[in-house]
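Overview (structure and organization)
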Amino acid sequence: MTTPLGFAGQGDMAQVQATMQAIELACKSIQINVNPAAAEATLLSLCQSPRPYQTCQFILENSQLPSARFQAAGAIRDAALREWGILEADEKRGLISFCLCFIMKHANSVEGYVLGKVASVAAQLLKRGWLDFTASEKDAFFLEVKQAVDGSHGLDVQFSGIRFLESLVSEFSPSTSTAMGLPREFHEQCLISLEQDYLKAFYSWVQHAAFNVSSRVVGAVSEVPEANVCAASLRLMFQILTWDFGGKNAIENSMRGMEMFHDETKQGSPKRSECVLVQPGSAWHDLLISSGHVGWLSNFYTALRQKFPSEGYWIDCPLAVAARKLLVQFCSVTGTIFPSDSGHIQKQHLMQLLSGIVMWMEPPDAVSQAIKLGKSESELLDGCRALMSVATVTNPLVFDELLKSLRTYGTLTLLSVLMCEVYKDLMENHSEEETWSWVARDILLDTWTALLLQMDGSGRNHSLPAEGVSAAANLFALIVESELKAASASDFSDYDEHDYAQASIAAMDERLSSYALIARAAIGTTIPLLNELFSGRVMRLHQGRGFSDPTETLEQLYSLLLITGHVLADEGQGETPLVPKEIESQFANILEVDKHPVVILCSSILRFAEQSLDPEMRASFFSPRLMEAVVWFLARWTSTYLMPSVKTGENKSSHGNTQLLSELSTNVLLSFCGENDQGKAVLDIIIRISLSIFVSYPGEKDLQELTCCQLLHGLVKRKNVISHLVTLESWSDLANAFSNERVLFSLNAAHQRSLAQTLAISASGMKTSEASNQYIKSLTSHMTTSLVELSSKNDLKSIAQQPDVILLVSCLLERLRGVARASEPRTQKSICEMGFSVMNTVLIFLQAYKDESVVVYLLLKFVNDWVEGQIIYLEGKETAAVVDFCMRLLQLYSSHNIGKISVSLSNSLRSEADVEKYKDLRALIQLLSNLCSKDIIDFASEPIENYGTSISQVVYTGFHIVTPLITLELLKYPKLCYSYFSLLSHMLEVYPEIIAQLNIEAFTHIIGILEFGLRHQVNYSFNFFSEIWC
């Protein structure tokens, strides 16, 4: 083709037909993979042609190739959205009307994907013009759709009308809306308008459609066309009930930092047990609650079950699936749709639903057996999801009572029995592939979590009724049995193939947290159980030492440590976690330390952990995997029980003697490892275990990460612990080993940095600032001396590239970075001196390692971290020295063209691994930003200008170096984009004269970047322009 596609609006029918033939040929070429690039270019030219509407309509009406019609529909969409602003009002309405007429006219077409595409285009164009069209114009469109949905024009047209409404609701929903390049406010206004004016009407239309065909579906002896209409109606009703009515869920999401309108491609798959609350408001009460709609739906599905009792295939047919999904969604209905009657109507609503849903799960053993014999598990899993939804909108007492009006037992008993059947199947079938029992387990665990995490009016969790406590105790015992059996099975499996062995602590955390909630619901039974199991495994280990394989027992101990850690303590998440209130209240009458069940359990685990210090025991039993569990447990446990700094009592709501006993019991528990009891001895054991890990487990990165980043780093976050920590000989041994022993150089870079930071932070525990600064000097003197001596060697150029030298330099720089990050007023003096002592060394290494990007990046990051921690404290003379140093560093960096990026290369970046090549560029930007902070916060007694220099000079030089390296492609990467716009914002605010001094080339480059920020909806650039405009 030599002429552009799409210029058929002039009535040139020959050109229109030629265009259609070209599109058909391109589609065929792509299907058979013949010259696909040229074919794609042909299709793209149609989409990009101005006003290709008549051509595309001709292709849709006349082409015999479905894929060509599909491409034509897409081209209408692309062109209309692009040209919407210049289209006449009649043209806009005409395009939407054409699409609607097309799907109605061709409703009996077998190419459903073409009709789906055209329906989607109609929905998108209708939304694009939603705020432009008048109410009467919208009503005119929907009148035609309503007539179709009513069934006035036959089943095929009825089905097409419902499919269009599905597309429309999907287009207006935030999570599935199409990006149109329009402001967020546009989408929000469309959403609010559709919800207020039409959504309820849509539901009513398809509700009547489903009702009108349901009798025909149930009465027919075979599948009938009405089943498709009924299934589509139920799907749309379900879709509408997943709507975020009033933006209630969006408000909750925004509080968690989630976007209401988001890029769907960036979202992970939803949780299998995710529950979306349905809160449509009182206006929907008549349609959903008082109309008998739920009763009809439940009876309809029950009739289907009775119609096909022996034909298992129907459970997974579209109609059955749609009906069950809608029933499950009705279990999530809550809020003001129910009247203020103490929950009576809502209880009746849930009981009506459960009366039919329980038949999908009862009796649990028979249902489980039927699934093993080949029956589909879909009904059971949907029943589990229904229980999850009910648990989310009720409290444990109401949840349990719902089933008692229908059965002789409560809903908690059913939940427990279901869980037991699931775990029995898990124990019987150790499959590498995910089974139905895996899915059911996760859903039911989330159900327990929903029940046990709910708060009452006083802020306390709802307690379970006695029947529920007993059920939780039995269930937890079975859960532990299942986990121990799985641990035993993992001993005989290939670790590279078995999921259990591969599961890391982090991956298991969510499931273990649910286990902990169940255990705490019956804590009086579960703590003694855990102690019995753990002590028994340790005894078995010692009894079989030397003549039996301990691997199975060690795997069981691994599981018990993880489970016990979750039961005893919560994750800190930035705060010191308190003793779980269930433990406080359950053991309120126990006032002797050695008889407290929690103390007995903790003591048993601590004694076992201490045994790892014995070289023979360590070699026999303490594998790296088991040590991971030991260290993880210690890190979690110490946050709550080791030398607690505050007394609990905040969780209590009772009064009098009960409260007093609870406080006394808690104090007894906390005093077990308090500052005045065994706390210091336990702390010493923990430090000695940590040192033995660094020495005895080289190369075990996961174990070392837990030790460095969680256990030790967690200890130094607590001031009351640090004051004791620095007095321990074991802590001095660790610091000396870190400074002087080569074995600790085997730690990887991140762990070197973390451990250095931890050791430096502990200096704040010294009694005087002089002692703290002397400690830092002792810790860092070997590092700085080694670097200075190495940089002074005459043969540096020849030895610098040796692998062992590069490793040494990298490790020392990472350690210095860690110390620099630990800077605080108490140790500022010594850390400042540390940085000044290696300034010349940094410049020498920057010259020597100009071709080693890893070392260059470490040099820049060390300077950046040190400047960030020191700049605001430096006096004018010291600041001038730092500015001079940074100027020399920037000039040296520029002279070697380190990090220079070509546009052609940056265009090829498509992965995070490629972006890492440009980390030095981000480090330079951050360095300039940190220097600028001196103008905001400055504790110096004299200005830097007294010494003939200024911050603006080095910023100006650095900006000249950095600006040419920033390309528009690189700004698509969030970290770099954020850093650059932050720096640019500060410069325009504080140093506007610097921008004026830039040469024409640099200034033009910045203008281009500003245009990029204006044209792209990037949060960083948006914040930047907001600040500038304000």
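Residues numbered from 1 in each chain as written. Predicted model: local features only at pLDDT ≥ 70, side-chain atom pairs only at ≥ 80, totals over all residues. Heavy atoms only, no water.

Moving on, we come to the pattern of salt bridges. As enumerated under the stated definition, the model contains 34 salt bridges in all. With a shortest N-O distance of 3.0 Å, Arg385 and Asp382 are connected by a salt bridge. Placement of the pair is Arg385 and Asp382 together in helix H18 (residues 378-393), with a separation of 3 residues, close to one helical turn. The exposure class of Arg385 is partly exposed, given its relative accessible area of 26%. As a salt-bridge pair, Arg545 and Glu616 come within 3.6 Å of each other at their nearest N and O atoms. With Arg545 in the loop between helix H25 (523-543) and helix H26 (551-568) and Glu616 in helix H29 (residues 615-620), this residue pair connects regions lying 71 residues apart in the sequence. What you see here is one network of salt bridges that share partners, running through Arg753, Glu814, Arg817, Arg821 and Asp865. (Salt bridge = Lys/Arg side-chain N within 4 Å of Asp/Glu carboxyl O. Helix = DSSP H or I, 4+ residues; strand = E, 2+ residues; numbered from the N terminus. Buried < 20%, exposed > 50% of the residue type's maximum accessible area, 1.4 Å probe, protein only.)

What follows covers the packing of aromatic side chains. Each aromatic ring pair is described using two quantities: the centre-to-centre distance and the angle formed by the ring planes. A full pass over the atoms with the stated rule returns 23 aromatic pairs. Taken together, the ring pairs in this structure connect Trp130, Phe142, Phe172, Tyr198, Phe202 and Trp205 into an aromatic cluster. Here the guanidinium or amino end of Lys138 rests over the ring plane of Trp130, the centre of that ring lying 4.2 Å away. Its guanidinium or amino end placed over the ring of Tyr857, Lys919 lies 4.4 Å from that ring's centre, counting from NZ or CZ. (Phe/Tyr/Trp six-rings, centres within 6.5 Å; stacked < 30°, edge-to-face > 60°. Lys NZ or Arg CZ within 6 Å of the ring centre and 35° of its normal.)

Once that is clear, we can look at unusual backbone geometry. In this model, Glu362 is joined to Pro363 through a cis peptide bond whose omega is -20°. Tracing the chain through its elements places Pro363 in the loop between helix H16 (344-357) and helix H17 (364-372). With phi around 45°, Met643 is a residue other than glycine that occupies positive phi space. By the element assignment, Met643 lies in the loop between helix H30 (624-641) and helix H31 (656-671).

A cluster of nonpolar side chains, contributed by Ile936, Ile937 and Phe939, occupies part of the molecular surface with about 330 Å² of accessible area. Tracing the backbone through its elements, the reader meets Phe939 in the loop between helix H46 (919-932) and helix H47 (951-962). (Patch = residues over 30% accessible without salt bridge, like charges linked within 9 Å, V, L, I, M, F, W, Y side chains within 5 Å. Areas by Shrake-Rupley, 256 points an atom, 1.4 Å probe, with all protein chains shown as cover.)

In this section: the nonpolar core. By size, the foremost hydrophobic cluster in this structure holds 344 residues, and its most contacted members are Phe164, Phe202 and Trp731. Ranked by the residues each element gives to this core, the list is headed by H30, at 11 residues. Filtering out sequence-adjacent residues up to four positions away, Phe164 remains in contact with Leu100, Ile103, Ala119, Ala122, Ala123, Leu126, Phe142 and Val145. (Core = buried A, V, L, I, M, F, W, Y, C linked by side-chain atoms within 4.5 Å. Contact = heavy atoms within 4.5 Å.)

A word on the confidence of the model for the protein. Looking at the protein as a whole, its pLDDT mean stands at 86, while 87% of the residues score no less than 70. Per-residue pLDDT stays below 50 along residues 1-11; that stretch engages in 22 contacts with residues further than four places along the chain or on separate chains. Confidence drops under a pLDDT of 50 for residues 901-913, and excluding neighbours within four residues, the segment shows 18 contacts in the predicted structure. (pLDDT = per-residue confidence, 0-100.)

A pair of packed helices is captured by two measures, namely the crossing angle of their axes and the spacing between those axes. Helix H39 (residues 803-821) packs onto helix H36 (residues 749-761) with a crossing angle of 40° between their chain directions and a minimal axis gap of 7 Å. Considered as vectors, H36 and H39 are oriented oblique to each other. Where H36 crosses over H39, the handedness of that crossing is right-handed. On the side of H36, the interface is formed by Ala749, Gln752, Arg753, Ala756, Gln757 and Ala760, while H39 contributes Cys811, Glu814, Arg815, Arg817, Gly818, Val819 and Arg821. (Axes fitted to C-alpha atoms, helices over the stretch in contact; angles between N-to-C directions. Parallel < 35°, antiparallel > 145°, perpendicular 65-115°, else oblique. Left-handed = near helix turned anticlockwise from the far one by under 90°.)

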